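Chain residues, written in single-letter form:
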Amino acid sequence: GRVVHLNVHAGGFADPTGGQPDFRTPFGASLVNQADVNAYPAGTVNRHFFKDLDMNGGTAMLRESWTAAANEILEQPSYVNIGAEAEIDLTTREVSVFVEAYYTNNSPQATNKLNIALLQNNTVGFQAGEGEEYVHMRRLLHLLTGQWGVDIENTETGSLYSQTFTYTIPEDFNSIDAVLEDMELAVYIAEGNQEVITGIKVQPVLVNMPEYQLSLTPLFPEELYEGGLSPALNIKSKGGETINSLDISYQINDNQIVNHTWEGELNYGEEVEVTLPESPDFILYNNNTISFTVENENYPDNSYSISGEFSKVPATIEKDLTVEIKTDGYGSETTWAILDNDNQLIANGDSYGNNQIYTENVSLEIGNHRLVAHDSYGDGIEGGGYVRLKNEDEIIIDIAGNSFTNHKIKYFKVTEPAIISFLPENGVIGNVQEESIIIQSDKSLFDDNWILLDNELAENHISLNAGQADGEQIGFTATVDELAKTIEISINEAPSNEQDIVLTLSNIIHDEDEVALNDISTSFTISATNASVQNLADFNIFPNPSSGEFQIKLPETARVEKIDIYSVAGMHLFGKEITSTNSAIKLNIKQPQGVYIVKVTMENGEILTNRLIIE
């Protein structure tokens, strides 16, 4: 309790670069000049000059001198005592400080200076030599009494000085949140602008606390490899009432809202990190938004919301790439590495010369990767340096040297074009009135203007032609699912006899990784209506929708050989030989809900299909 810290960010190391927080104040430069600082970290003890401990002839000292200087000061008496109390109004953000100074002896100076410093604790941010997650304590925000304090004009034995000071704390300093519950004050008296006589730390009392108030901080990756996200939300209580439950929801772009109820105990100043349920699969665009809302049933009018943005990682289908490095005047400090999704080192480089450009060839496999640029000194790559991942002249990732200090990570993936599959798998359509052509993609599909494929766009990019690709056009209707991964093609009119058709995806379609797909073709055979089977009766499935147990019913005159069940992507899930036209089927594996294709093969080789919905 006899030592009060004021931590002042000033000098070259405090100048922010590459998105670092700016902890500087208008007061730091004058304090540095007064102390004659020429190296960091520097410290002064009561602004006193200690012979043989000084740095540059002033009061500044290097860290190895601080202990001896502090011990010397602690042995000295003070001729003035300080008492102070403070409160912060949480509604108005006003801090009020009442100070008394009582002189037990005469000051050698007719006028002394009273100083009040506002400090903040628990600020996480960059610190040279410590990285991005350093916790800053007792950080100087503001001097309520100005650069050198206010005058105390009666400094004789027995004199009493008392005064109240107020200051409205802004929401932030240099865009860094001013967190009221993390504040403290230092009150100290100096002889003029130099020697500090004594000081105390004051912990303010928080008043006018609202009943219910929250502070929200969303937590989610800045980049995603694919659609699917389990975000988290840090919730801090800034109200006096104990919170036992919160209704939390979030929405990605315009997709389905995800709801979650948190239960627990949250009091003033406490915080909790809530991991929310995973989102349903969604279209991952280059730029995406996520919005959170938090409500409490006891305060229906106080709804808290916050939003953020994330993007899609760059993708390339090329496996043989180059890493280009431009160094600064300290090339040996620069290194880089590429790691895969299992944290295995794939490639790396080091031992570079000064102010040079280097290229390194790398060969990668399909999968998710990250590129890491590192500077061992912690000042990035100066003078326009960079680390880039390139495909010939195309820049896939660009890590600018001034965008980081110690290191920077950028994510990317090596991928392949969307895999397109077609159903029926055997290419034969038995009854176009009941059976459709299914186009299945493992990625969402877009047109050449990067508009998500819908029914109308699909009909513009798909053609059905009789016999060959340039044959007579066949009318059809396209139905696209909401993720633009499944397209159902229904032929408008059945032919009078067996006919070959060619289906073509054309006019440039892109998948979600910006890979162009064009002129992908496949052939089908449409069978003429077969009265011996098709006109007997409908091929029925009941119940439909089903939980996985169902019956199929065919006309008694049908001659059945086997039944097969496929996913819409063409994966074979079930097969069984049957002879009965009324058979019970039970899937022996649990399938996710969705649409499946049931195919019945007749003795004469003809095939009937129907759709099964599993819920």
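What you are looking at is a predicted structure, and each value in this text was computed from that prediction instead of being measured.

Calculation criteria
Residues numbered from 1 in each chain as written. Predicted model: local features only at pLDDT ≥ 70, side-chain atom pairs only at ≥ 80, totals over all residues. Heavy atoms only, no water. Helix = DSSP H or I, 4+ residues; strand = E, 2+ residues; numbered from the N terminus. Rg over C-alpha atoms; globule rule 2.2 N^0.38 Å. Buried < 20%, exposed > 50% of the residue type's maximum accessible area, 1.4 Å probe, protein only. Areas by Shrake-Rupley, 256 points an atom, 1.4 Å probe, with all protein chains shown as cover. Pairing = 2+ DSSP bridges. Axes fitted to C-alpha atoms, helices over the stretch in contact; angles between N-to-C directions. Salt bridge = Lys/Arg side-chain N within 4 Å of Asp/Glu carboxyl O. pLDDT = per-residue confidence, 0-100. Contact = heavy atoms within 4.5 Å. Patch = residues over 30% accessible without salt bridge, like charges linked within 9 Å, V, L, I, M, F, W, Y side chains within 5 Å. Lys, Arg positive; Asp, Glu negative; His and termini not counted. Charge placed at Lys NZ, Arg CZ, Asp CG, Glu CD. Phe/Tyr/Trp six-rings, centres within 6.5 Å; stacked < 30°, edge-to-face > 60°. Lys NZ or Arg CZ within 6 Å of the ring centre and 35° of its normal.

Before going further, it helps to examine the overall build of the chain. Helix and strand counts for the chain stand at four helices and 50 strands. For a compact globule of 615 residues, the expected C-alpha radius of gyration is about 25 Å, and the chain comes in at 36 Å, more than 25% above that figure. Taken along the three principal axes of its C-alpha coordinates, the chain extends 120 × 65 × 40 Å. For the chain, the residues scored as buried account for 46% of the 615 residues in total. Per element, the accessible surface of the chain, about 30,900 Å² overall, is 43% carbon and sulfur.

All right, on to the sheet that holds strand S4 (residues 94-103) then. Spatially, four strands are ordered S10-S4-S3-S15 in an open sheet, and the strand pairing comes out mixed. The open sheet has two free edges, formed respectively by strand S10 (160-168) and strand S15 (205-207), since each of these has just one partner strand. Neighbouring strand axes in the sheet, compared pairwise and without regard to direction, differ in orientation by 20 degrees on average. In the sheet, strand S3 (residues 80-89) pairs with S15 via three bridges, with the strands oriented parallel. For Ile88, the partnering residue across the bridge sits in S15 and is Leu206.

Our next topic: the sheet that holds strand S22 (residues 287-295). Across the sheet, five strands lie side by side as S17-S23-S22-S19-S20; this open sheet has mixed pairing. This sheet does not close on itself; its edge strands, each paired only once, are strand S17 (223-224) and strand S20 (258-266). Where S22 and strand S23 (residues 304-312) come together, eight bridges link them in antiparallel fashion. When the sheet's bridge partners are listed, Ser291 is paired in S23 with Ser307.

Looking now at the pattern of salt bridges. According to the stated counting rule, one finds 15 salt bridges in the structure shown. Lys113 serves as the salt-bridge partner of Asp151, at 2.7 Å between the closest nitrogen and oxygen. Taken together, the positions of Asp151 in strand S9 (residues 150-152) and Lys113 in strand S5 (residues 112-120) put the pair 38 residues apart, joining distant regions of the chain. Overall, the relative accessible area of 38% leaves Asp151 in the partly exposed class. With a closest N to O distance of 3.9 Å, Asp564 and Lys562 form a salt bridge. Asp564 gets classed as buried once you look at its relative accessible area, which sits at 7%. A relative accessible area of 32% places Lys562 in the partly exposed class. Each of the salt bridges in this network shares a partner with another, and the network as a whole consists of Glu324, Arg388, Lys390 and Asp398.

Here the residue pair Phe542 and Pro543 is connected by a cis peptide bond, since its omega of -10 degrees sits within 30 degrees of zero. Its place among the elements puts Pro543 in the loop between strand S44 (540-542) and strand S45 (549-553). The omega angle of the peptide bond from Asn544 to Pro545 is 15 degrees, so this bond is cis rather than trans. The residue Pro545 is located in the loop between S44 and S45 in this model. Even without being glycine, Asn46 reaches a positive phi, approximately 55 degrees.

A word on the confidence of the model for the chain. Averaged over all residues, the pLDDT of the chain is 90; the fraction at 70 or higher stands at 96%. Predicted confidence is poor over residues 529-537, with pLDDT under 50, and the contacts of this stretch with residues over four places away or in other chains come to 17 contacts.

Below, the discussion takes up the environment of Thr157. Locating Thr157 in the fold gives a position in the loop between S9 and S10. Separated by 82 residues in sequence, Thr157 and Gly239 have C-alpha atoms that sit 46 Å apart. When near neighbours in sequence (up to four residues on either side) are disregarded, Thr157 contacts Tyr103, Thr104, Asn105 and Asn106.

So, about a negative patch on the surface. On the surface, Glu318, Asp320, Glu392, Asp393 and Glu394 cluster together into a patch of negative charge. If you trace the backbone, Glu394 turns up in strand S31 (residues 394-400). Among the residues examined, Glu394 registers a relative accessible area of 44% and is labelled partly exposed.

Bringing a nonpolar patch on the surface into the picture now. A cluster of nonpolar side chains, contributed by Phe13, Tyr40 and Tyr377, occupies part of the molecular surface with about 370 Å² of accessible area. As for its placement among the helices and strands, Phe13 is situated in the segment before helix H1 (28-35). Given the relative accessible area of 54%, Phe13 is considered exposed.

Looking now at the packing of aromatic side chains. Scanning the model with the defined rule gives twelve aromatic pairs in all. Relative to Tyr103, the ring of Tyr79 lies with its centre 6.2 Å away and its plane at 20 degrees, an arrangement referred to as stacked. In this pair, Tyr79 is assigned in the loop between helix H2 (66-74) and S3 and Tyr103 in strand S4, connecting sequence segments 24 residues apart. Overall, Tyr79 belongs to the buried group, its relative accessible area being 13%. When the ring of Phe282 is compared with that of Phe310, the centres are 6.3 Å apart and the planes differ by 75 degrees; the resulting orientation is edge-to-face. Pair noted here: Phe282 is in the loop between strand S21 (271-275) and S22 and Phe310 is in strand S23, with a separation of 28 residues, a long-range link. One aromatic cluster is present, formed by Phe220, Tyr250, Phe282, Phe292 and Phe310 through successive ring pairs. Over the ring of Tyr386 we find Arg388; its NZ or CZ atom is 3.6 Å from the centre of that ring.

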